[in-house]
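Commentary on secondary and tertiary structure
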Amino acid sequence: MFRLDLGPTAQLRPLEIWHAEEFAAHLDRAREHIRPWVGPSFVTETVEGAAATLSRYATSAAADGGRLYGIWVDGVLRGGVMFVSFSAAAGVCEIGCWLEPAAEGKGLITPAVAALLDWALLERGLNRAEWRCRADNVRSAAVAQRVGMRFEGTLRGAWLNGGVFHDKQSWAILREEHLAFRSGQAKAKAEAEAPG
C-alpha cells in the first residue's frame, strides 16, 4: 500500500471506496467549513453519497484520470488532496485540496500537493499542473504560491456556489518551472543545514 509520511503522525494515502463510512464521518466534521470552496457534488451528506464520490474517483483513476488521496492525522481522516482532472494525453492536470478545521495550520497540504506535483510532472511527465480557487480563498492561493505556481489570472463570475457567482483564480506551474523550484528548495535546505 502506498503511504507518504507528512509528519510524525500524518500520512497521505489513497482515498478509496472502502473508506466510505470514514469519508462520510469526515465530511460531517468538514462540510460547512469546505462547502464555500469546493464543488457541490463533493460535499455529500450520507454514507451513500460519500461512496458515490469515492466510486466516481475510483472509476476516473482506473481510466488514468482524477484521483483522491486522504490525509490521516493520528489515524483519523482529516482532509486530502486530489487530481480534480488528469490527462496524460493532454499533458495537463488540475490539483485541489480540502481540510477540516482541526487539521488547518499544521503544514499538511503543501507537502501533499508537492508530492502530487512530483508524481504528475516528474514521474508521469505531464507538462502543466493547474490550481483553481475562488478569488477570495486566500489560504488556497497561498498553497499555490508555496509550491511555486504562478498566478495566471482571474476568471470573473466563473464559480457558482450557493446561487452566487464568484470570481475564480487560475494558477499553474510547468514541468521545467517545477524542476527549478524543487532544485532551489534543495539548495536552500542544503545551505541551511551546512555547518556554520
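Everything below is about the structure shown above.
For the structure given in this document, a descriptive report is provided here. (Residues numbered from 1 in each chain as written. Predicted model: local features only at pLDDT ≥ 70, side-chain atom pairs only at ≥ 80, totals over all residues. Heavy atoms only, no water.)

Description of the packing of aromatic side chains
Under the definition given, this model contains nine aromatic pairs. When the centroid spacing of 6.4 Å and the interplanar angle of 80° are considered together, the rings of Tyr-69 and Phe-83 count as edge-to-face. Here Phe-83 lies in strand S4 (residues 76-87) and Tyr-69 lies in strand S3 (residues 67-73), a separation of 14 residues in the sequence. Residue classification places Tyr-69 among the buried residues on the basis of a relative accessible area of 12%. Members of the aromatic cluster, joined through ring pairs, are Phe-2, Tyr-69, Phe-83, Phe-86 and Trp-119. Of note, Arg-13 hangs over the ring of Trp-72, and the distance from its end group to the ring centre comes to 3.9 Å. Here Arg-67 stacks its cationic end above the ring of Phe-86, 4.9 Å away from the centre of that ring. (Phe/Tyr/Trp six-rings, centres within 6.5 Å; stacked < 30°, edge-to-face > 60°. Helix = DSSP H or I, 4+ residues; strand = E, 2+ residues; numbered from the N terminus. Buried < 20%, exposed > 50% of the residue type's maximum accessible area, 1.4 Å probe, protein only. Lys NZ or Arg CZ within 6 Å of the ring centre and 35° of its normal.)

What to know about the pairing of S4
As paired elements, S3 and S4 share seven bridges and run antiparallel to each other. Of the residues in S4, the one forming a bridge with Leu-68 is Met-82. Where S4 meets strand S5 (residues 92-99), eight bridges bridge the pair, whose relative direction is antiparallel. By the bridge assignment for S5, Val-81 is matched with Cys-97. Count of turn residues in the S4/S5 antiparallel hairpin: four residues, of which Gly-91 carries a positive phi of about 75°. (Pairing = 2+ DSSP bridges.)

In short, shape yes, function no, at least from these values alone.
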